[in-house]
Amino acid sequence: MKAVRCVRHAGPEALVIEDLPALVPGPGEVLVGVRAAGVNFPDALIIRNQYQFKPPLPFTPGGELAGTVLAVGTGVTRFAQGDSVIGLLTWGAFAQQALVSAERMVAMPAGMPFDLAGAMLLTYGTCYHALTDRSALRAGETLLVLGAAGGIGLAAVELAKALGARVIAAASSAEKLAVCREHGADETIDCSTEDLRERLKTLTNGQGVDVVVDPVGGRFSEPAFRAIAWRGRYRVVGFADGEIPRLPLNLPLLKGAAIIGVFWGDFLQREPAAAEADVRALLDLFRSGRISPRIGLRVPLERAGEAITALTERRVMGKAVVVPGLT
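Here the residue numbers are simple positions, counted from 1 along each chain's written sequence. Local features are withheld for residues below a pLDDT of 70 in this predicted model, meaning they are given only at 70 or higher, and side-chain atom pairs are given and counted only at 80 or more; totals for whole chains, interfaces and linings count all residues. Side-chain measures here rest on the full set of heavy atoms in the structure, leaving out hydrogens and waters.

Remarks on the overall build of the protein
Worth spelling out the cut-off: Secondary structure elements follow DSSP: runs of H or I of four or more residues count as helices, runs of E of two or more count as strands, with numbering from the N terminus. Here the globule rule reads 2.2 Å times residues to the power 0.38, and the radius of gyration is calculated from C-alpha atoms. Think of it in three bands: residues with accessible area under 20% of the maximum for their type are buried, residues over 50% are exposed, and the middle band is partly exposed, with areas taken using a 1.4 Å probe on protein chains only. The contact criterion used is simple: two residues touch if any of their non-hydrogen atoms lie within 4.5 Å. In short, Shrake-Rupley with a 1.4 Å probe defines the accessible areas, and a residue's cover is counted only from the protein chains shown. Charge assignment in this entry is limited to Lys and Arg as positive and Asp and Glu as negative, and neither His nor the chain termini are counted. Charge positions come from single atoms, namely NZ of Lys, CZ of Arg, CG of Asp or CD of Glu.
What the protein contains, in helices and strands, is eleven helices and 15 strands. Expected size for 327 residues packed as a compact globule is a radius of gyration near 20 Å; at 20 Å, the protein falls within 12% of this value. In terms of overall dimensions, the protein has a C-alpha envelope of 60 × 40 × 35 Å along the principal axes. Per-residue burial over the protein gives 55% buried out of 327 residues. Of the contacts made within the protein by residues no fewer than 6 positions apart, 69% connect residues no fewer than 24 positions apart. Counting every atom, the protein has about 13,900 Å² of accessible surface; 51% of that belongs to carbon and sulfur. Charged side chains in the protein number 34 positive and 33 negative. The centres of these two groups are separated by 3 Å.

Some thoughts on the pairing of strand β5 (residues 84-88)
Cut-off, in case you're wondering: Two strands qualify as a pair provided that DSSP identifies no fewer than 2 bridges between them.
Counting buried residues along β5, four of its five residues qualify, which places the element largely inside the surrounding structure. Taken together, the five bridges between strand β4 (residues 64-72) and β5 define a ladder with antiparallel strand orientation. Looking at β5, one finds that threonine 68 is bridged to serine 84. Here three bridges tie β5 to strand β7 (residues 105-107), and the two strands are oriented antiparallel to one another. If you follow isoleucine 86 over to β7, its bridge partner there is valine 106.

A closer look at the environment of tyrosine 128
With respect to the element layout, tyrosine 128 can be found in helix α3 (residues 121-133). A relative accessible area of 15% places tyrosine 128 in the buried class. Not counting chain neighbours up to four residues away, the residues in contact with tyrosine 128 comprise Asp133, Leu159, Asp278, Ala281, Leu282 and Leu285.

Side note on the nonpolar core
Applicable threshold: We call a set of buried residues a nonpolar core when its members are Ala, Val, Leu, Ile, Met, Phe, Trp, Tyr or Cys and they connect through side-chain atoms within 4.5 Å of each other.
Membership of the largest hydrophobic core comes to 56 residues, with the highest contact counts inside it found for Ile86, Met112, Met120, Leu159 and Ile291. The element contributing the most residues to this core is helix α4 (residues 151-162), with eight residues. For methionine 112, the residues in contact, after removing those within four places along its chain, are Ile86, Ala117, Met120 and Phe286. Counting 35 residues, the second-largest nonpolar core is a separate cluster that includes Val34, Ala37, Val39 and Phe94.

Written out as structure tokens, the structure is:
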């Protein structure tokens, strides 16, 4: 079977395609024929050896997938050959086959396209955890989403609307903001032409936003925090900009505000029952038509590196997906 391989720690251009022996599931594992695998920011970090998890070389990147069960290992009773499934793994998804722990798989909703299924759980799972568990977002509150046209951003926009919030989307172009409005944003801010803090003052009548979801970091983090409301909640999701901001700690003191990190990967490991309940809630929201990933780029295995590059350069609106069967 063919797989994308990281043979040395470097950028996406160093990834190669290799022919590997067919995989065999061990106890508690499921062998999945991969139909689609979502591309996420951790993929860009893990191949450079900059992520929290560090697999030994060589390895196959890719942390989420959708596909068909080919075989199950001993002890697996929830899934059978032929089932359509969604799976989470830290690496291994950019291939024709992948091994996934049965505990980190769910059945796909009937009629759900594989590319949507393969692009859903990491971004929507992260955002659902950020908005419900880590933020306690309430209906009627105002949410600011930075980098709102990306995978995390659009997921946050859709989920916040489903939870009854007013959503302000900030992005870097009119084209990106149009996509945000299509996915439910009530107000938009073009960070390339508008002053973020001043525009937020206008949109909130000087009261500030209740919750900020920040998957970007960089230069907009501090002005966003300065525009937060009393008892506001600032959720740190990631650093797609590449710069980790240093916020003055007098700001949360003066605002009575909270800065809380969102690390869904560790949440899965430490609180599996709560994470499973979140996934069930997400799939119910998909079935009801209230959320649906936007696929901005589809590539075959041979172009997985290009997809990672496009993601890190913030040229993808929504999610990029690696599709092994695509030519």
